[in-house]
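Overview (structure and organization)
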Amino acid sequence: MIRPFLILCVIFLHCNGEFLSNKIRKFPDGFQFGASTSAYQIEGGWYEDGKGLSIWDIATHTDPSQIKDKSTGDVAADSYHLYKRDVEIAKELGLDFYRFSVSWPRILPKGFSEQINQAGIDYYNNLIDELLKNNIKPFLTMYHWDLPYELQKLGGWVNPYIIDWFVDYAKVLYDNFGDRVKLWTTINEPKQICYEGYGSTLKAPMLNVTGVAEYICAKNVLLAHAKAYHLYDEHYRKIQNGTIGISISCTWFEPASDTVDDHQAAIDARQFDWGQYAHPIFSKAGDFPLELKRNIALKSAEQGYPRSRLPELSASEICLIRGSSDFFGVNSYTTKLTYRDASLEGMYAVPSYMDDMAAVIISNPAWPQAQSTWLQEVPWGFHKILKEIMKLYDNPPVYITENGWSTSGGLLDEDRIRYYRNYLNVLLDAIEEGCDVRKFTAWTLIDNFEWKNGYTEKFGLYEVDFSSEKHNRTPRKSAYIYKEIIRTRTLDPTYEPEKFSV
Ligand code: NOJ
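Positions within a chain are numbered from 1, following the residues in the order the chain's sequence is written. Reporting of local features is limited, given that this is a predicted model, to residues whose pLDDT is at least 70; pairs of side-chain atoms are given and counted only at 80 or more, and all residues count toward the totals for whole chains, interfaces and linings. As a rule here, side-chain values come from all non-hydrogen atoms in the structure, and water together with hydrogens is ignored.

As annotated in an unreviewed UniProt entry, the protein chain carries the name Myrosinase 1-like and comes from Galleria mellonella.

1. Some details on the sheet that holds strand β10 (residues 360-362)
Rule in force here: Two strands pair under a simple rule: DSSP has to find at least two bridges between them. A run of H or I in DSSP becomes a helix once it reaches four residues, and a run of E becomes a strand once it reaches two; helices and strands are each numbered from the N terminus. In this description, a line fitted to the C-alpha atoms serves as the axis of each element, helices being fitted only across the stretch in contact, and the angle between N-to-C directions of two axes falls anywhere from 0 to 180 degrees.
With respect to topology, three strands assemble into an open sheet ordered β7-β9-β10, the strand pairing being mixed. Each of the sheet's edge strands pairs with one partner strand only, and the pair in question is β7 (252-255) and β10. The average undirected angle you get between the axes of adjacent strands in this sheet is 40°. As judged from the four bridges shared by β7 and strand β9 (residues 335-339), these two strands associate in the parallel manner.

2. As for the environment of Lys51
Here is the rule: Pairs of residues are marked as contacts when any of their non-hydrogen atoms sit within 4.5 Å. Each polar contact in these results corresponds to two N or O atoms within 3.5 Å; when the atoms are within protein, one needs to be able to donate a hydrogen and the other to accept it, and residues that are neighboring in sequence are counted only if both atoms are side-chain atoms.
Looking at the element boundaries, Lys51 is found in the loop between α2 (39-42) and α3 (55-62). The sequence separation of Lys51 and Ser257 amounts to 206 residues, and the corresponding C-alpha distance is 51 Å. The residues contacting Lys51, other than those within four sequence positions of it, are Gly45, Trp46, Asp57, Ser103, Pro105, Arg106, Pro109 and Asn117. A distance of 2.8 Å separates a polar atom in the side chain of Lys51 from a polar atom in the side chain of Asp57.

3. A word on the sheet that holds strand β6 (residues 243-249)
Think of a sheet as strands paired side by side through backbone hydrogen bonds, with each pair either parallel or antiparallel. With parallel pairing, eight strands are arranged side by side around a closed barrel as β2-β3-β4-β5-β6-β8-β11-β12. The sheet shows a mean angle of 25° between the axes of neighbouring strands, direction not considered. Sheet topology note: the β6/strand β8 (residues 328-331) ladder contains four bridges and is parallel. Among the inter-strand pairings, Ile248 is bridged to a residue of β8, identified as Val330. Sheet contacts for helix α10 (residues 213-240): β5 (183-188) and β6; angle to β6, the most-contacted strand, approximately 165°. Contacts from helix α15 (residues 379-392) reach β8, β11 (398-402) and β12 (437-443) within the one sheet, and its direction differs from that of β11 by about 140°.

4. So, the packing of aromatic side chains
Heads up, the condition is: Two aromatic rings from Phe, Tyr or Trp, using only the six-membered ring of Trp, form a pair when their centres are within 6.5 Å; if the ring planes differ by under 30 degrees the pair is stacked, by over 60 it is edge-to-face, and anything between is tilted. Burial here depends on accessible area, computed with a 1.4 Å probe over protein chains only, as a share of the maximum for the residue type. Under 20% is buried, over 50% is exposed, and the range in between is partly exposed.
If you walk through the whole model with that rule in mind, you get 52 aromatic pairs. Both rings, one in Trp145 and one in Trp451, keep their centres 4.7 Å apart while their planes meet at 40°; by these two values the pair is tilted. Of the two residues, Trp145 is situated in the loop between β4 (137-143) and α7 (149-152) and Trp451 in the loop between β12 and β13 (462-464); the sequence distance between them amounts to 306 residues. Accessibility assignment for this pair places Trp145 and Trp451 in one class, buried. With a centroid separation of 5.4 Å and an interplanar angle of 80°, the aromatic rings of Tyr333 and Trp374 are classed as edge-to-face. Of this pair, Tyr333 sits in the loop between β8 and β9 while Trp374 sits in the loop between β10 and α15, and the two are 41 residues apart along the sequence.

5. Considerations on helix α12 (residues 290-302)
Worth spelling out the cut-off: Here the expected length of a helix is defined as 1.5 Å per residue gap, with one fewer gap than residues. Arc definition: directions from the helix axis to the C-beta atoms.
Taking 1.5 Å per residue as the helical rise, α12 with its 13 residues ought to reach 18 Å, and the 18 Å between its terminal C-alpha atoms agrees with that figure. Among all positions in α12, only Glu291, Leu292, Asn295, Ile296, Lys299 and Ser300 are buried. For α12, the angular spread of the buried residues around the axis is 140°, confining them to a single face. Residues of α12 that are exposed and angled more than 90 degrees away from the buried face: Leu290, Leu298 and Ala301. On the buried face of α12, the contacting elements are α10, α11 (260-282) and α14 (353-357). Gly304, located one to two residues past α12, shows a positive phi value of around 90°.

6. Regarding the site of the ligand
Applicable threshold: Whether a residue is near a molecule or strand depends on its heavy atoms: if one lies within 4 Å, it is near. Three classes are used: nonpolar for Ala, Val, Leu, Ile, Met, Phe, Trp, Tyr, Cys and Pro, charged for Asp, Glu, Lys and Arg, and polar for all others, with Gly counted as polar.
For the ligand, the set of nearby residues contains 13 residues, the closest of which are Gln41, His144, Glu402, Glu450 and Trp451. Within the contact set of the ligand, an oxygen atom lies 3.3 Å away from a side-chain nitrogen or oxygen of Trp443. Note that an oxygen atom of the ligand is positioned 2.9 Å from one of the side-chain N or O atoms of Trp451. Of the residues in the shell around the ligand, the class split is six nonpolar, four polar and three charged.

7. Some words on the packing of helix α16 (residues 414-432) against helix α17 (residues 477-488)
Using the following cut-off: An angle below 35 degrees is read as roughly parallel, one above 145 as roughly antiparallel, one from 65 to 115 as roughly perpendicular, and any other as oblique. Helix crossings fall into two classes, left-handed where the near helix is turned counterclockwise from the far one by less than a right angle and right-handed where it is turned clockwise.
For the pair α16 and α17, interaxial distance at closest approach is 8 Å and the crossing angle is 25°. By the criterion of interaxial angle, the relationship of α16 to α17 is roughly parallel. For the crossing formed where α16 meets α17, the hand is right-handed. Contact residues: α16 offers Glu414, Arg416, Ile417, Arg421 and Leu424, while α17 offers Lys477, Ser478, Ile481 and Ile485.

What follows is the structure in C-alpha cells.
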C-alpha cells in the first residue's frame with residue numbers, strides 16, 4: 001500500500017509544463033481543419049424509413065439503467081432531420097471537411113448487402129451533396145460502433161465471417177458515395193470496439209468475455225479493415241482517387257517514476273492501448289507488438305490455456321494488414337500515469353486485458369479535469385504521442401481525426417478554449433520537429449449522445465437544446481475561437497471574439 005502513496009507524491013511533481021506564449025503561430029500551407037460526429041450519437045431517426053436496429057438501439061432499450069441519465073440515441077440531436085443545419089454550422093465555422101459516420105443498419109437493415117435501404121442511401125447522398133454544395137469535403141467513417149443487431153446475434157466482431165460482411169458493406173459505400181467522397185476512415189477506435197465492447201461492459205454489446213473476446217475481435221477488426229482497404233486500393237482508387245485509413249484512439253501512458261519497471265509498464269500500456277492496432281498496420285515488421293504477444297502468452301500458459309488467448313496472425317494475414325492505411329488517424333484526448341506493482345496483482349479479473357497488461361493506471365489530480373472522468377488536459381502527452389508515432393512508424397501522414405473536451409454545459413467554455421489552444425500549440429511544435437501532421441478534427445461539431453454517459457457530457461462546439469423539439473444549435477465561445485483559427489490559419493492565444501469581449 002506504500003507504493004500508491006509514493007506514486008501520488010511523485011505525480012504532484014509532474015506539472016503541466018505547457019504555457020502558451022503570446023506568440024501568433026501559423027499553420028503550414030495545406031493544413032486542414034474539420035469537425036467530427038458519429039451516426040448513433042447525433043442522427044436519431046432510430047427506427048425510421050426502414051433502418052434496422054443496431055447494438056446501441058438494443059443496449060439503450062433493453063436496460064436503460066446502463067446509461068447514466070437513462071437516455072437513448074432515439075432522437076439524439078435529430079440530425080436525421082436537421083442535417084442541413086449541421087452543414088450550415090460547418091459552413092459557419094469555415095471547416096475544410098466534416099467527418100461523419102454512416103449507420104450500417106440504416107443502409108443495410110439486416111447487416112447483409114442483399115437488401116439495401118434506399119432511404120438510408122438517400123439520406124447520406126443528401127448530406128454529402130449539401131456539404132459539397134457548401135464547399136466542405138465529406139470525410140466518411142464506415143463504422144463508428146453501431147453494428148447491425150442482426151450481425152451481433154451471430155457473434156458480431158468475434159465471428160470471423162464479419163470480415164466478409166464488412167467488406168460487402170464497404171463495397172456498397174464505395175459504389176454509392178465514392179464518386180463524391182474522397183476521404184474515408186474504415187473503422188473508428190478498434191480498442192473501444194473490442195476491449196470496451198467485447199472484453200468488458202463499457203460499450204455495446206457489453207459482452208464481457210474478458211481476456212478472450214477482445215483479442216478475437218482485434219484480429220477480425222484488423223482483417224476487416226485491411227480487406228476493405230485493399231478493395232478500395234485495387235478496384236476503386238484509380239477511378240475514385242480517394243484516401244483511406246483507420247482511426248485509432250491513442251492515450252499517452254507516462255511512467256509514474258523513473259524505475260525500469262514503471263517504464264516497462266508504460267510501454268506495455270501503450271502497446272496494449274494502441275500498438276495492438278497500430279503495430280500490425282504501420283510498423284515495418286507488422287504483426288501484433290512483442291509486448292502484447294509476450295504478456296498474453298505467458299499469462300495464458302500460467303492460467304493453463306493450451307495456447308495463447310491472443311490469436312495468431314498468419315504470415316499472409318500479417319502481409320495483408322501491414323501498410324493498409326494511407327494515413328494514421330489519431331483520436332487523442334488525454335494522458336495517464338502508469339506503474340507496476342506486483343502486490344496489486346489480482347486487482348483485475350483473470351483472465352482480462354487489464355490483467356494481461358499488468359500495469360496500474362492512474363490519473364494525476366493536479367491536471368485540469370474535464371466533465372468526463374477519464375479526460376484531463378495534458379498537452380505534453382499529446383506531443384509525445386505524435387513524436388512516438390513518428391519514431392515507431394517511420395513518420396506516416398497523421399490526421400488528427402478527433403480531439404476535444406467535455407463540460408457540463410454552457411456557452412462560455414473557457415476551459416475548452418484553453419484545451420484546444422494548448423493542444424494545437426504542441427501540434428505545431430510537433431510539426432516543426434518533423435511530424436507529418438496534416439489535418440485536425442475537433443470532437444465534436446454539436447453536443448450529442450456520449451455513449452454510457454448519455455447527455456451528461458457536452459463535447460460540442462455548438463450547444464444543442466435537447467429539451468426542445470427543435471433541437472436548436474447555438475455556438476459556444478469555442479466555436480468563435482475555432483472559426484478564427486480556421487479563417488486566419490493561425491493560433492493567436494490572445495484573440496477574443498467580439499461577441500464575448502467585455
Ligand atoms: C471517441 C469516440 O470516437 C467518440 O464517439 C466519443 O464521443 C469521444 N471519443 C468522446 O468520448
